[in-house]
Amino acid sequence: MFGYIVRRLIAGFLVIVATSVAVFALFFYGPSNPGQVVCQATSPRCPPERVADYNQTLGYNDPVTEQYVVWAKGLFTGRDIQFGSTTIDCPAPCLGISYYTREPVSELLKERYPATLSLAVGAAIIFLPLGVVLGSVAARKRGTSTDRLMVGSSLIIYSIPYYLLALMSYLYLVIIWGIFPQPEYNPFTENPWAWVSGLLLPWLVLGLAFSTQYARFSRGSMVESLSEDYVRTARAKGLTQRVVLIKHALRAAIVPVITIFGLDFASLLAGTVFTEFVFNIDGIGVQALNSIQDQNFPIISATALIVAVFVVVCNLAVDILYSVIDPRVRLT
Amino acid sequence: MSSPVEDVTRPAGDEPFLVVDDLTVKFPTHDGIVHAVSGLSYSVEMGKTLGIVGESGSGKSVSSMAVVGLHDAKRTEISGSIRVGGTEIIGLSETRMRRLRGNEVAMIFQDALAALHPFYRVGAQLAEGYLAHHPDATKREAHDKGVAMLDRVGIPQPDQRARDFPHQFSGGMRQRAMIAMALVNDPRLLFADEPTTALDVTVQAQILDLLQDLQRDFGSAIVFITHDLGVIAEMADDVLVMYGGRAVEVGTCRAVLSRPQMPYTWGLLESIPEAQTDPTLPLLPIPGTPPSLLHPPTGCPFHPRCRFTGEVPGDLCERELPDLIPGIEGGEHLRRCHLRNAHEVLSNAAAKKSKVGRHGPS
C-alpha cells in the first residue's frame, strides 16, 4: 500500500512536469511576445526598443530549456524577476509575476482560489448525493412512470447548454423574481452565513447540472447491481428492503460512480468558467480565461500546473478509496 | 424466531411441510407472457428431500424462487397456492414474507462467489443473516453463531476464516460458507439450487455428504434442484422432472430413475454415458431444443422432440396436453404422457438400442 502510493506519487509528479513542459513549449513556440504584453500593460506607447528590453530582461531571449529550468527552480527557491529596470521579488513557490498587475501569481491564486474551492465543494455536496439518490430510486422503480419521469427530466436538463441554464436562472431567480440575493463570494472565515447565501444559487445551478449525469450513471450502475446474485442472496436472507438496497446494492453500485466523481471534481477545482462568469464570482476559471486573452503567460502556466496537480491527486484519492470500498482491490 | 433443532413437528392438519398446489408463474414482457411455470404441484415432508430435475428454462429455479418469495411482485404474476408449515404464502405481505425468508425457508445458491457479497467478510454476512431474525441478539452472539456454523460445515479455523472475504475462500469453502449462511437460523425448509454445479467432483461429493449430514441433524425438508441425475440419485427421496415449466414425471427416486414412464426422463437417462460402454461410441442426446416459454407448443410440450409420437394414435400429442396421472402400473408414480404403456415402449426401445449398439448421427 505504502509502496503503491509512493510509486503513484512519483508517476503523478512526472505527469505534472510533462504538463508544465507542454504548456511552456506551446507558449514559447507559438506567436507570443511577452515584452509587448508587459509594455502595453504599462503605457500605450511601445517603441520596439522597450519591447526588446523587456524581452531581454525577462530572459525571453534565452533558450527555452534554460527558461524552463529557471522557472522550475523558482517554484522551490523563489527568484527575482526583472521587468526592464525594475526588479520584483517572487518568493517561493514562485509561479511567476503577472505581466499586468506585477503581483506574484501565487498571491493572485491564493486570493482567487477560495472562491473556486467553495464553488466546487458546495456543488459536489449537492450533486453527488442528489444524483446518486435519484439514480438509485429510478433504478429501484425501473420501468415505472417514476423512472421515466426521472430519466426524462434529467435528460432535458442535461441537454440544456449549461451557460443558458446558468444565465436563465440568474435572470429569473435573481433579477426578475428576486428569490436569491445577488451571488457573490464572501470568505467563509469572515461570515459563514454570507458565504452560504452568496454562493447558494451557483451551487444549486452547478449541482443541478452535474446531478443529471450522476443520476443517469448511478441508475445504470444500480440496475446492474440490483440484478447481482448477492443482492438476491441478501433478500433470501430476509433482510429488510432498506438494508438490501443500501448496504448490499448501493454499496457495490457506488464504485464506478466514484471514478467519474474523481475526474469531475478535479475539473471543478480547476475552475468553473461559466459559473464564475455568469454569477460574477472571482475564481481561477475566469482568471485563467482572462489571462489567455491577455497572453499573461505566468498565470496560464500556473493554472495548468494546478489542474495537473488536482487531476493527479484526485485520481490517486479515487484509487485509494477503491481499495477501501472493495476488499478485492489490492494496491500493489 | 427459529425453532430449536429438536422441535421438528408436523404442521397442523397433518399436511406435508411444504405444499405447492397448481403454481403458475408468468412474466409479462414486451414480447408477450413468458409461461415460466404452469400448474406445478408437489409437496415435501420434513426430513425428506425432493429432487427437481430439468434443463435450463424448465422452470425449476423459477418455481423455487416463488416459494422463497424472491420474485419482483411488480414484474411477476404468481397464482396457485404455496403452503409452508400450513401458512399460505402467496399474497402474504412483504413484511411477513421477509420474516419467513432466511428463517423458516432458506436457499443455497449455485455460484457462491457471485452469491456472497464481495465487500463483506464471511463472518459478517453470516451474522447479518442471524441478526435479521434475532433482533434481540447482540452482535457478539451473532458473530459467535456465524463462527459456530462455519465450524459445523467443516471450515477449519472458523474464527479466523470468518474474518476473510469470500474471494479469499476456495470454491468448496465458499459453498460451505453459503450453506452455513442458509442454515444459520435453522430453517425447516431448504432450497438448494444446483449447489454443486460449479464444483469439481471431489468437492461436490463432500458438499453432498455435508448436506445429508446436516439434514439428519436438523431434520429439514430439502428441495434439491439440479440437472445432474447422478446427484439426484444420491440425494433425493422423491423426484420431480420438469419440462417447459410443467411437471412431466413425479415419483420416488427409485421408480423414476429405474422405470421412467415419460420419454423425456427416459431420454435424460439414456443420454448419460456409462462406464462400461465403448468410449468411442457417440453420446445419445435428446434432439432439438427446449421449448419456447413465450409461445409454448400445443399439446404435449415435449412432442416436437419426442421419438414416440408415432406410438400414439392420431395426432393426440400435437393437440392435447396429457394429464399428470399414474401410468398403467398405477401407484404414486405419475407421468404426463399419452403413451398408455409408456414403460413397455421405453424399455423395448432401450433393449433394441443396446442390441444394435448406439447409432449416433455420423
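Counting of residues starts from 1 at the beginning of each chain's written sequence and follows it residue by residue. Lettering for chains starts from A, numbering for ligands starts from 1, and both go in the order in which the items are written. Given that this is a predicted model, residues contribute local features only at a pLDDT of at least 70 and side-chain atom pairs are listed and counted only at 80 or more, while totals for whole chains, interfaces and linings are drawn from all residues. Only hydrogens and water are set aside; all other atoms, that is, all heavy atoms of the structure, feed into the side-chain values.

For chain A, the helix and strand inventory stands at 13 helices and two strands. Judged by the C-alpha coordinates and their principal axes, chain A covers about 85 × 55 × 35 Å. Partitioning the intrachain contacts of chain A with sequence separation of at least 6 by distance along the chain shows that 64% fall at a separation of at least 24. Values of accessible area rely on a 1.4 Å probe in the Shrake-Rupley scheme; residue burial ignores everything except the protein chains shown. Here chain A has roughly 16,500 Å² of accessible surface; of this, 67% comes from carbon and sulfur atoms. Note that His is not counted, nor are the chain ends; the positive residues are Lys and Arg, and the negative ones are Asp and Glu. We put the charge of a Lys on NZ, of an Arg on CZ, of an Asp on CG and of a Glu on CD. In chain A, the 23 positive side-chain charges and the 21 negative ones have mean positions that sit 18 Å from each other. What counts as a helix is a DSSP run of H or I of at least four residues, what counts as a strand is a run of E of at least two, and both are numbered from the N terminus. When checking whether two residues touch, look at their non-hydrogen atoms; a contact exists if any pair is within 4.5 Å.

Attention shifts here to the domain arrangement of chain B. All names here are of chain B. Taken domain by domain, chain B consists of domain 1 (18–236) and domain 2 (259–354). Bear in mind that the domain bounds are from an automatic or database domain assignment. Look at where the C-alpha atoms of domain 1 and domain 2 centre, and you get two points 31 Å apart. If you look at the interface, domain 1 gives 13 residues, while domain 2 gives nine residues. As used here, buried area is the combined drop in accessible area, with a 1.4 Å probe, of two parts when they are placed together. Summed over both partners, the interface of domain 1 with domain 2 comes to about 850 Å²; 63% of that surface belongs to carbon and sulfur atoms. Ranking the residues of domain 1 by area buried against domain 2 places His35, Glu55 and Leu229 at the top, with a combined share of 53%.

Once that is clear, we can look at the state of the cysteines. Here, a disulfide means two cysteine sulfur atoms that sit within 2.5 Å of each other. By the definition in use, this model includes two disulfides over all chains. For Cys39 of chain A, the disulfide goes to Cys46 of chain A, at an S-S distance of 1.9 Å. On the sign convention where negative means left-handed, the S-S torsion of about -115 degrees between Cys39 of chain A and Cys46 of chain A marks this disulfide as left-handed. Accessible area is worked out with a 1.4 Å probe on protein chains only. A residue is then buried under 20% of its type maximum, exposed over 50%, and partly exposed in between. Residue Cys39 of chain A is classed as buried on the basis of its relative accessible area, which comes to 0%. Covalent S-S linkage joins Cys90 of chain A and Cys94 of chain A, the inter-sulfur distance amounting to 2.1 Å. Looking along the S-S bond of the Cys90 of chain A-Cys94 of chain A disulfide, the torsion reads about 105 degrees, which is the right-handed sense. Note on Cys90 of chain A: relative accessible area 0%, which makes it buried. In this model Cys300 of chain B remains outside any disulfide bridge; the closest cysteine sulfur is found in Cys317 of chain B, 6.1 Å from its own. Judged by its relative accessible area of 8%, Cys300 of chain B falls in the buried class. Note on Cys306 of chain B: no disulfide assigned, nearest cysteine sulfur contributed by Cys317 of chain B at a separation of 6.1 Å. By relative accessible area, which is 15% here, Cys306 of chain B ends up buried.

Okay, the confidence of the model for chain B next. All names here are of chain B. pLDDT is defined as a per-residue confidence score from the predictor, taking values between 0 and 100. On average, residues of chain B score 87 in pLDDT, and 93% of them reach the 70 mark or higher. Taken together, the stretch residues 1–12 has pLDDT below 50 and engages in 26 contacts with residues farther than four places along the chain or on a different chain. In this model, residues 357–362 is a region of pLDDT below 50 whose contacts with residues beyond four sequence positions or in other chains number nine contacts. Listed scores for the predicted complex are pTM 0.84 and ipTM 0.86.

A separate point is the interface of chain B and chain A. Taken together, the contact pairs 27 residues of chain B with 22 residues of chain A. Of the roughly 2,500 Å² buried between chain B and chain A on both sides combined, carbon and sulfur atoms contribute 56%. Among the residues chain B hides against chain A, the three largest losses belong to Phe119, Tyr120 and Glu128 of chain B. Together they make up 27% of the total. Between Lys or Arg on one side and Asp or Glu on the other, a salt bridge is scored when a side-chain nitrogen of the former is within 4 Å of a carboxyl oxygen of the latter. On inspection of chain B and its partner chain A, the count reaches two salt bridges. The salt bridge involving Glu128 of chain B is made with Lys247 of chain A; its shortest N-O contact spans 3.0 Å.

Right, let's talk about the side chain of His71 of chain B for a bit. Inspection of the secondary structure puts His71 of chain B in the loop between α1 (60–68) and β4 (77–84). Take His71 of chain B: its relative accessible area is 14%, and that puts it in the buried class. In terms of polar contacts, His71 of chain B uses its side chain to reach the backbone carbonyl oxygen of Val62 of chain B, at 2.9 Å. Residues in contact with His71 of chain B, not counting those within four places in the same chain, are Arg235 of chain A together with Val25, Phe27, Val62, Met65, Ala66, Thr76 and Ile78 of chain B. The term polar contact refers here to a pair of N or O atoms within 3.5 Å; inside protein, the definition further demands a hydrogen-donor-capable atom paired with an acceptor-capable atom, and it admits residues adjacent in sequence only when both atoms are side-chain atoms.

What follows concerns the domain arrangement of chain A. Accessible area lost when the parts come together is the quantity often used to give the size of an interface. By domain assignment, chain A separates into domain 1 (35–94) and domain 2 (109–325). One C-alpha centre belongs to domain 1 of chain A, the other to domain 2 of chain A; they are set 39 Å apart.

To continue, consider the side chain of Asp326 of chain A. Counting through the fold element by element, Asp326 of chain A comes out in the segment after α13 (297–325). Here Arg328 of chain A takes part through its backbone nitrogen, which lies 2.9 Å from a polar atom of the side chain of Asp326 of chain A.

All right, on to the sheet that holds strand β3 (residues 49–53) of chain B then. Residues and elements named next belong to chain B. Pairs of strands are assigned from DSSP output, requiring at least two bridges between the strands. With respect to topology, eight strands assemble into an open sheet ordered β6-β7-β8-β3-β9-β10-β12-β11, the strand pairing being mixed. Where the open sheet ends on each side, the last strands, each with one partner, are β6 (105–108) and β11 (324–326). On average, each strand axis in the sheet is inclined to that of its neighbour by 20 degrees, with strand direction left out of account. Between N-to-C directions, angles cover 0 to 180 degrees, with each direction set by a line fitted to C-alpha atoms, over the stretch in contact for helices. The sheet contacts of helix α7 (residues 171–183) involve β6 and β7 (189–193), and relative to β6 the element is tilted by about 175 degrees. Its contacts with the sheet put helix α8 (residues 201–218) on β3, β6, β7 and β8 (221–226), and the angle it makes with β8 is roughly 160 degrees.

The next thing to look at is unusual backbone geometry. Look at the link from Ala92 of chain A to Pro93 of chain A: it is a cis peptide, with omega at -5 degrees. For Asp22 of chain B, which is not glycine, the phi torsion reads 50 degrees and is therefore positive. Here Asp22 of chain B is to be found in strand β1 (residues 18–29). Take Asp22 of chain B: its relative accessible area is 44%, and that puts it in the partly exposed class. For Gln157 of chain B, which is not glycine, the phi dihedral falls at a positive 45 degrees.

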